[in-house]
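# What the coordinates show
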Amino acid sequence: MDLAGCLRERFGLELFRPGQREVIESVLGGRDCLCVMPTGGGKSLCYQLPSLVQPGLTVVVSPLIALMKDQVDALVARGIRATLINSTLDAATQVERIAAVERGEYDLVYVAPERFRSTRFNEAMGRTRIALLAVDEAHCISEWGHDFRPDYTRLGLARKRLGRPTTIALTATATDQVRRDICEQLELADPQVFITGFDRPNLHYEVRYASGENAKRQALADVVGATPGAGIVYCASRKRCDEVSEFFRNELGRNSVVYHAGLQVEERRRAQEAFMRASDAIVVATNAFGMGVDKPDIRFVIHYNIPGTIEAYYQEAGRAGRDGLPSRCVLLYAAGDRFIQEFFIESEYPSREVVGAIYQFLSRQEADPIELTQAEIKERLGLSISEMGVGASLKLLEGAGLIERLRPRENMALVRVDSEVSLVPLLPTQATVQRRVLAALERLVAAARGDAYFAPHDLARRLELEPPQLLRAIHELEERLPVRYIPPFRGNAVEMLDRARKPDDLGINFALLEERKAREYEKLEEMIGYATSARCRRRTILGYFGDPSPVKCGQCDNCATRPGSSAAAAGAEPRTKSTRGTPEPGSATAVVRKILSGVARTQGRFGKTTVAAMLCGSRSQAIERWGLQKLSTYGLLTEFRQAEIVQILDNLLAAGWVVQEEVERFRPVIHLSPMGWEVMKGTRDADCVWRLAPELLAKLGGRSRSRREPAARSGAQPAHDLENALEQPSASGPNVLHPFRGSDAERRGAPEGSGPAASPSHPSAVEAVREHLPGYYWTWRLLERGFSAADCAAIRSLDVETVLEHALAAARSAHPVPLAAFLGPAELEVMYAVLGLDATAAVDRLPEGLPPGVRSQHIELFRLELERSGEASQA
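Computed from a predicted structure; not experimentally measured. (Residues numbered from 1 in each chain as written. Predicted model: local features only at pLDDT ≥ 70, side-chain atom pairs only at ≥ 80, totals over all residues. Heavy atoms only, no water.)

In terms of regular secondary structure, the protein chain is built from 37 helices and 20 strands. Scored against the burial criterion, the 875 residues of the protein chain give a buried share of 52%. When the accessible surface of the protein chain is totalled, it reaches about 39100 Å², and 49% of it is carbon and sulfur. (Helix = DSSP H or I, 4+ residues; strand = E, 2+ residues; numbered from the N terminus. Buried < 20%, exposed > 50% of the residue type's maximum accessible area, 1.4 Å probe, protein only. Areas by Shrake-Rupley, 256 points an atom, 1.4 Å probe, with all protein chains shown as cover.)

Structure below.
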């Protein structure tokens, strides 16, 4: 049968989607492939159709049991010989399925990556002709992917054991680095890489800025109210899922289901089925929900909290609009959400000390297996890390071969029946289910001659009951009779494999973990960059995956310019510069410059809440304690409420004019960026993308009225306008901090809530604002803050050569320039080894032994830094 005929007769399709035929023909030709297709692009067909037209077995590796079952059920309904082998089956059924596979009764078999741990399975596969190995969700194999799973790393070895069959790896989300890693891990032979593109033209991307929970819920209500149909709302935590679902029910009168890992398996199954059934269903979920959910008519996906990576966002948002109709992907962004993701990163990569302490604690336990939950381990050790951190530590110990975490279904329930005679006659004759269950429990207890351990799922299957029916009957028996039921231990019981190691010698590569952790922080910054950028959303996403688009999409919130655009067709509100309007330019510019002046006056020592309080003339104790009422910018915006100034500051953060940094954990401070200084000085237009409530936009567009009485009563000098404020010296001593004098410790030494320390070396406000600063200062400032030379070039629209010239100019003016901005760690190590502490004669002639990337300018930077720090050789 030809491919088109098979497509039509077995799958009911007339045409291949883009790229499918080429991938299938390559697979049938015996070529290893990496297939990258967007969500909904038809990846499954690329291995399902070949399984029908070539002899031999296709083994499909899939990460989710629910996904396997759905796909196998759909294939069987089409008359295709497919099955699955996973832990939902009892041992006898698994043995029979494996035997049937060996006998050639199936064309496809779906397994989880953990299945290759089974000796019985591996031996059976060794006796079977494997025509194709398909690795679905292949990004899970890469340590640099967003959903790394250790069991996937064993698939390269499993492939060798299978005799290196033709292999196809499939994913919807993979950067270039991840794609290379997939091919290396699986040891694919000269693989053909198919990338059909990441673009989903029917999806409208937008970001709504919300400074707090109330603003987020209002934005959530706006989007859901304007977008009929089914939708997913993703939240970062289980608690937030419950709260948002309650908001839907109590405030919006909409029902929603909740889905997260804290629910029982049966509860999650019911939630998913309810969502799949209804055309207007809403599910509020963590990222545990979605993979394998094939609901084509999802009209919106809302992220209530920012995800940790662009990969995760693209995959989750991509669950909208699989039917090709317009759908919305909305991110509700608050700057504070980054701390949630940082918490997750810190939990995922526990320290050497924490992992060692947990190992030592477990090795001293006498029980085997050890049935302690992660919360109990945390409590007994008094650990400061989260339960997630304990779980991550256990995962590391298991990967090092020191422990084995038993799967939850391997843990047994306990039943006790306190009676020497049967209690069945005491039940009503019409209680047929209860009578059957009690009789079965009594047989278990009799066989055990006391307390009996059993697997509830196995008992439910034997009694031909659904697991919820069994549990309901047992609970009813507990209420009526002397029956005691203890459910299975809900954690992963731990079996110690090695108790003899020292806590500081566990065989775990903590240096590699630190490298991964740093990469996770980089990915988080990239995700925040997406949320705060004024660039086309679609171009940002496509560019991240190496699939650049040459033009703006005209659909996302940053591109939409007129009513009737494709963005409006998707249900989004059209806008030009703002979500609901544009303030009058002149008055808005004056307000922005006043706020930026206030940020500058506070010298990078305070958070946005304190800066806003100072600008609106707050008379709080904190303001007086730190003398902020003496600043000339105090009370400059008394016509605005503190919360309103905070909202405007959020927009200035998004515009990149104000920068937020942490001086200590969870204590962010704000300061001006180079662009912010230019806007404040009037050398750059105050052209901002406004995302504010209509009433605040109107207020921002009106004339600012300075109410001087509150300021006068507090002893502050009245501020008529920005120029007046900038001319007035501060009574407290320091004025606006010159951006290139004073160390970071001097500028940001105190946390939010601390005050400015006097420093007579700082220039006056007029000097700081009006002084003509050379262009190299702005480049140097970026280098000092850790940006690479390439980053600086992109930010300032320069070439890298000019950035290097600016760095030299700054270094010659005694400003420290980090060489790491220009050279990698290996180059730096060789450079230091060759030059030592005497590079004075190395500028005119490059010494031998230096890496190719090192140039005379780099050596001069090295020499100037040695001189500046006083470390240069005096010989």
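The next subject is the pairing of strand S12 (residues 298–303). Where burial is concerned, most of S12 is hidden: six out of the six residues are buried. Looking at chain direction, strand S9 (residues 230–234) and S12 are connected through five bridges and run parallel. When the sheet's bridge partners are listed, Ile232 is paired in S12 with Val301. In terms of strand pairing, S12 meets strand S13 (residues 327–333) through four bridges, oriented parallel. Opposite Ile302, over in S13, you have Val330 as the bridge partner. In this view, the connection linking S12 to its parallel neighbour S13 by way of helix H12 (residues 310–317) has right-handed handedness. (Pairing = 2+ DSSP bridges. Right-handed = clockwise from strand over helix to strand, strands pointing away.)

The next point concerns the side chain of Arg338. Structurally, Arg338 can be placed in helix H13 (residues 338–348). In contact with Arg338, other than residues within four places in its own chain, are Ile306, Leu524, Glu525 and Ile528. (Contact = heavy atoms within 4.5 Å.)

Moving on: helix H21 (residues 537–544). Counting along an α-helix, one turn takes 3.6 residues, and residues three or four places apart therefore face a common direction. The element H21 is extensively covered by neighbouring structure, given that six of its eight residues are classed as buried. Those residues of H21 not exposed but buried are Arg537, Arg538, Thr540, Ile541, Leu542 and Tyr544. Of the surrounding elements, those touching the buried residues of H21 are strand S8 (203–209), H12 and helix H20 (510–532). Gly546 lies just past H21 and shows a positive phi near 75 degrees.

Think of a sheet as strands paired side by side through backbone hydrogen bonds, with each pair either parallel or antiparallel. Strand order in the open sheet made by the seven strands is S3-S4-S2-S5-S6-S1-S7, with parallel pairing throughout. Of all the strands in the sheet, the pair left with one neighbour each is strand S3 (82–85) and strand S7 (192–195). Sheet twist, expressed as the mean angle between neighbouring strand axes with direction ignored, is 20 degrees. With four bridges joining them, strand S2 (residues 57–61) and strand S4 (residues 108–111) adopt parallel strand pairing. Its bridge partner lying in S4, Val61 is registered against Val111. (Axes fitted to C-alpha atoms, helices over the stretch in contact; angles between N-to-C directions.)

This next bit is on the sheet that holds strand S17 (residues 483–486). One open sheet holds the three strands; their spatial order is S16-S15-S17, and the pairing between them is antiparallel. The sheet is open, and its two edges are formed by strand S16 (452–454) and S17, each paired on a single side. Each strand of the sheet is rotated relative to its neighbour by a mean of 20 degrees, with strand direction disregarded. Bridging between strand S15 (residues 413–417) and S16 involves three bridges; their strand directions are antiparallel. Each residue of the ladder has a partner; that of Ala413, found in S16, is Phe454. Sheet contacts for helix H17 (residues 432–448): S15, S16 and S17; angle to S16, the most-contacted strand, approximately 120 degrees. Most of the contacts of helix H19 (residues 467–480) go to S17, to which it runs at about 135 degrees, and overall it touches S16 and S17.

The subject of this paragraph is the nonpolar core. Residues Leu362 and Leu397 are the most contacted members of the largest nonpolar core, which totals 97 residues. Looking at this core, the element that brings in the most residues is H20, giving seven residues. Beyond its immediate stretch of four places on either side in the chain, Leu397 contacts Val355, Ile358, Tyr359, Leu362, Leu402, Ile403, Leu506 and Ile508. By size, the runner-up hydrophobic cluster in this structure holds 41 residues, among which are Ala588, Ile623, Ile645 and Leu649. (Core = buried A, V, L, I, M, F, W, Y, C linked by side-chain atoms within 4.5 Å.)

So, about the packing of aromatic side chains. All chains considered together, the criterion is met by 11 aromatic pairs. Summarising the aromatic geometry, the rings of Tyr313 and Tyr530 are spaced 5.5 Å apart at their centres and angled 45 degrees between planes, so their arrangement reads as tilted. In this pair, Tyr313 sits in helix H12 while Tyr530 sits in helix H20, placing the two residues 217 residues apart along the sequence. Using a relative accessible area of 1% as the deciding quantity, one classes Tyr313 as buried. Using a relative accessible area of 1% as the deciding quantity, one classes Tyr530 as buried. Their ring planes at 45 degrees and their centres at 6.2 Å tell us that Phe454 and Tyr485 sit as a pair that is tilted. Separated by 31 residues along the polypeptide, Phe454 in strand S16 and Tyr485 in strand S17 bring together distant segments of the chain. Through pairs of rings, three or more aromatic residues link up here, namely Tyr259, Phe275 and Phe289. (Phe/Tyr/Trp six-rings, centres within 6.5 Å; stacked < 30°, edge-to-face > 60°.)

Quick look at the environment of Ser26 now. With respect to the secondary-structure elements, Ser26 resides in helix H2 (residues 20–28). Between the C-alpha atom of Ser26 and that of Gln192, which follows or precedes it by 166 residues, the distance is 7.9 Å. Other than its neighbours up to four places away in sequence, Ser26 contacts Arg31, Cys33, Gln192 and Phe194.

Here the structure, examined in full by the defined rule, presents 36 salt bridges. With its nearest N and O atoms 3.8 Å apart, the salt bridge here joins Glu213 to Arg240. Placement of Glu213 in helix H9 (residues 213–226) and of Arg240 in helix H10 (residues 238–251) is noted, with a sequence separation of 27 residues between them. The exposure class of Glu213 is partly exposed, given its relative accessible area of 29%. A relative accessible area of 23% places Arg240 in the partly exposed class. (Salt bridge = Lys/Arg side-chain N within 4 Å of Asp/Glu carboxyl O.)

What follows deals with the environment of Ser51. By the element assignment, Ser51 lies in helix H3 (residues 45–53). On the basis of relative accessible area, Ser51 is assigned to the buried category, the value being 1%. Each C-alpha atom of the pair Ser51 and Ala131 lies 8.0 Å from the other, and the pair is 80 residues apart in sequence. Every residue in contact with Ser51, bar those within four places of it in the chain, is listed here: Thr58, Asp107 and Leu108. There is a polar contact of 2.5 Å between the side chain of Ser51 and the backbone oxygen of Gln48. (Polar contact = N/O pair within 3.5 Å; in protein donor to acceptor, adjacent residues only side chain to side chain.)

Residues of H2 that are buried include every one of Gln20, Val23, Ile24, Ser26 and Val27, and no others. On an axial view of H2, the arc spanned by its buried residues comes to 160 degrees, and they lie on one face. Packed against the buried residues of H2 are helix H1 (3–11), strand S1 (33–36), H3, strand S5 (130–135), strand S6 (167–171) and S7. A positive backbone phi angle near 85 degrees is found at Gly30, which sits one or two residues after H2. (Arc of directions from axis to C-beta.)

Once that is clear, we can look at the packing of helix H14 (residues 352–363) against helix H15 (residues 374–381). Where H14 contacts H15, the two axes come as close as 11 Å, and the packing angle between them is 100 degrees. Between H14 and H15, the crossing angle belongs to the class labelled roughly perpendicular. Contact residues: Ala357, Ile358, Phe361 and Leu362 in H14; Ile377, Arg380 and Leu381 in H15. Per-class residue counts for the contact of H14 with H15 are six nonpolar, no polar and one charged. (Parallel < 35°, antiparallel > 145°, perpendicular 65-115°, else oblique. Nonpolar A, V, L, I, M, F, W, Y, C, P; charged D, E, K, R; others polar.)

Let us look at the confidence of the model for the protein chain. Overall, the prediction assigns the protein chain a mean pLDDT of 79, with 81% of residues at 70 or greater. In this model, residues 703–772 is a region of pLDDT below 50 whose contacts with residues beyond four sequence positions or in other chains number 153 contacts. Low pLDDT, under 50, characterises residues 871–875; the stretch is placed with seven contacts to residues that sit more than four places away or in other chains. (pLDDT = per-residue confidence, 0-100.)

Okay, unusual backbone geometry next. Working note: non-glycine residues mostly have negative phi, and peptide bonds are mostly trans. A positive phi is found at Glu464, a non-glycine position, where the angle reads about 60 degrees. Its place among the elements puts Glu464 in the loop between helix H18 (456–462) and H19.

Taking burial as the measure, the six residues of S5 include six buried ones, the bulk of the element. Relative to S5, S2 is paired through five bridges, and the arrangement is parallel. Bridged to Val61 within S5 is Val135. In terms of strand pairing, S5 meets S6 through three bridges, oriented parallel. Of the residues in S6, the one forming a bridge with Val135 is Ala169.

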